[in-house]
Amino acid sequence: MPYEGDYHCYFSRQGVEEPRASCRIARAAGGALRLVGTNASTRIDGSLHPLDHRSFRFDGALVTAPEGEVIQTSGPFEAVDVQVYRGPLPTPRGPIWVTVAYVPRPGPRGVVLP
């Protein structure tokens, strides 16, 4: 499962990738992990459910650009690198591929913390 913290989210539809967006994975009040994208034309907001040690399922909403349409969707994400996950989310206009990449925070003396 991914770490809690800051992430870069990349959205790609029909081979066109949008600029990088800021996302965050945090624990909700009930203890579940949530993925929330904050400052992009395409936004994401939903819960993460572990499938195994390398993957999770996203259940939530996408707000698509430029339509501004809110789409309830879900799909599996798989680790493609260390703390980098990728998966397709179905929409009426075809899948939007989402890549979520952890942004490590610097620790004391340049040590990278999870």
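Cut-offs applied
Residues numbered from 1 in each chain as written. Predicted model: local features only at pLDDT ≥ 70, side-chain atom pairs only at ≥ 80, totals over all residues. Heavy atoms only, no water. Disulfide = S-S within 2.5 Å. Helix = DSSP H or I, 4+ residues; strand = E, 2+ residues; numbered from the N terminus. Phe/Tyr/Trp six-rings, centres within 6.5 Å; stacked < 30°, edge-to-face > 60°. Buried < 20%, exposed > 50% of the residue type's maximum accessible area, 1.4 Å probe, protein only.

Any details on the state of the cysteines? Residues and values, ideally.
Evaluation of the coordinates by the stated rule reveals one disulfide. The disulfide that involves Cys9 links it to Cys23, with 2.0 Å between the sulfurs. Here the disulfide of Cys9 and Cys23 is left-handed, its torsion about the S-S bond being about -140°. Pair noted here: Cys9 is in strand S1 (residues 5–13) and Cys23 is in strand S3 (residues 21–27), with a separation of 14 residues, a long-range link.

Describe the packing of aromatic side chains, with residues and values.
A complete count under the given rule lists five aromatic pairs for this structure. Considering the side-chain rings of Phe56 and Phe77, the 5.1 Å spacing of their centres and the 10° angle between planes classify their relative orientation as stacked. Of this pair, Phe56 sits in strand S6 (residues 55–63) while Phe77 is found in strand S7 (residues 70–81), placing the two residues 21 residues apart along the sequence. For Phe56, a relative accessible area of 1% gives the class buried. One aromatic cluster is present, built from ring pairs that chain together Phe56, Phe58, Phe77 and Tyr85.

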